[in-house]
Amino acid sequence: MKVDVKLPKAWNDITGHQLVKIAGLFLKHEGKPDFLIHCFLFFSGWKIVQRKPLMQAGKTWYWFRTSGSPFAVDVDIFRTLINSLSWIVAGFGIPSSMPCIRNYIPCNVKLYNVSLDEFLNGDNYFNAYVQTGNIQFLKRLVAVFYRRKGEKWDPEMVEKRYNRFSLESPETRFAVFMWFSGVKSFLVSKYPYIFSGNSS
């Protein structure tokens with residue numbers, strides 16, 4: 001059968017809303033074999049009707065439903081669809097937009113008009129979170145790149161502002177972490193001589 005389903009092909013196809021959903025799935029299922037299956041079900045809108053596959057005509061079929069009648073998909077086709085999302089686990093990238101956080105305005109998704117001081121402060125909190133897993137550093141990372149309208153960058157204000165994001169969901173904060181990780185990967189690949197550690 002022909003399967004008509006539209007799936008994102010890269011990180012730049014992902015919206016901020018979708019990034020938050022992926023972050024939630026990552027926190028819940030990362031490292032598990034069904035992680036990409038959950039990602040696929042989210043993007044496709046399919047729902048599994050019967051978890052136990054059906055054996056028929058020498059093939060294995062899974063049953064799904066969207067808004068209409070249930071339909072069967074060959075296991076090989078389903079596996080191909082799942083594997084088309086393997087870029088998600090290959091490394092974080094830059095989405096098309098930042099996650100929305102109430103009335104706070106995020107910086108540009110590619111850090112346009114972000115000062116070096118902002119980037120370095122954000123990078124420090126990012127690395128501190130990676131090394132310790134302390135959520136306080138993750139909230140500070142969010143505070144660096146999200147501000148209310150009219151607020152200017154002030155590194156001393158991060159300590160006063162980071163608790164604003166205490167009520168945000170873990171997946172929203174982790175989505176910001178994923179975004180910044182993608183930004184760093186992009187910068188390292190584009191400017192390897194800056195991050196090489198060589199003094200020459």
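Structure's up top.
The following refers to the structure shown. Everything numeric in this text was worked out from a predicted model, so none of it was measured.

1. Some points on the pairing of strand β3 (residues 71-74)
Residues F71 and V73 line one face of β3 and the alternating positions A72 and D74 line the opposite face, and both faces are buried. Here strand β2 (residues 59-65) runs beside β3; their pairing, made up of four bridges, is antiparallel. Looking across to β3, one finds that W63 is bridged to A72. Counted between consecutive antiparallel strands, the loop separating β2 from β3 contains five residues.

2. With respect to helix α3 (residues 75-83)
Among the residues of α3, V75, F78, L81 and I82 are the ones counted as buried. Buried residues of α3, viewed axially, fall in a sector of 120°; they line one side. Next to the buried residues of α3 lie α2 (35-44), β2 and β3. With a side-chain oxygen lying 2.6 Å from the backbone nitrogen of D76, the N-terminal cap of α3 falls on D74.

3. Regarding the environment of G182
By secondary structure assignment, the location of G182 is in helix α8 (residues 170-190). Using a relative accessible area of 2% as the deciding quantity, one classes G182 as buried. Taking the C-alpha atoms as reference, G182 lies 31 Å from D76; in sequence the two are 106 residues apart. Apart from residues lying up to four places away in sequence, G182 is in contact with F92, G93 and I94.

4. Thoughts on the packing of helix α1 (residues 16-29) against α2
Taken N-terminus to C-terminus, the directions of α1 and α2 make an angle of 155°; their axes are 10 Å apart at the nearest point. Accordingly, the angle class assigned to the pair α1 and α2 is roughly antiparallel. Where α1 crosses over α2, the two elements pack in a sense that is right-handed. Every residue of α2 that contacts α1 at Q18, K21, I22, L25, F26 and H29 is listed here: F35, H38, C39, F42 and F43. Looking at the contact of α1 with α2, its residues break down into seven nonpolar, three polar and one charged.

5. A look at the pattern of salt bridges
For the structure shown, the criterion picks out seven salt bridges. Close ionic contact of R147 with E118 constitutes a salt bridge, the shortest N to O distance being 3.2 Å. Residue R147 is located in strand β5 (residues 146-147), and its partner E118 is located in helix α5 (residues 116-132); the two are separated by 29 residues in the primary sequence. A relative accessible area of 6% places E118 in the buried class. Between E151 and R164 there is a salt bridge, with the nearest N and O atoms lying 2.7 Å from each other.

6. A look at the packing of aromatic side chains
All told, the structure shown has 22 aromatic pairs when counted by the stated rule. For the pair F40 and F78, a centre-to-centre distance of 5.6 Å together with 75° between the ring planes defines the contact as edge-to-face. Taken together, the positions of F40 in helix α2 and F78 in helix α3 put the pair 38 residues apart, joining distant regions of the chain. Exposure class is identical for F40 and F78. Each is buried. Lying over the aromatic face of Y162, R140 brings its terminal NZ or CZ to 3.8 Å of the ring centre.

What counts, and at which threshold
Residues numbered from 1 in each chain as written. Predicted model: local features only at pLDDT ≥ 70, side-chain atom pairs only at ≥ 80, totals over all residues. Heavy atoms only, no water. Buried < 20%, exposed > 50% of the residue type's maximum accessible area, 1.4 Å probe, protein only. Helix = DSSP H or I, 4+ residues; strand = E, 2+ residues; numbered from the N terminus. Pairing = 2+ DSSP bridges. Arc of directions from axis to C-beta. Contact = heavy atoms within 4.5 Å. Polar contact = N/O pair within 3.5 Å; in protein donor to acceptor, adjacent residues only side chain to side chain. Axes fitted to C-alpha atoms, helices over the stretch in contact; angles between N-to-C directions. Parallel < 35°, antiparallel > 145°, perpendicular 65-115°, else oblique. Left-handed = near helix turned anticlockwise from the far one by under 90°. Nonpolar A, V, L, I, M, F, W, Y, C, P; charged D, E, K, R; others polar. Salt bridge = Lys/Arg side-chain N within 4 Å of Asp/Glu carboxyl O. Phe/Tyr/Trp six-rings, centres within 6.5 Å; stacked < 30°, edge-to-face > 60°. Lys NZ or Arg CZ within 6 Å of the ring centre and 35° of its normal.

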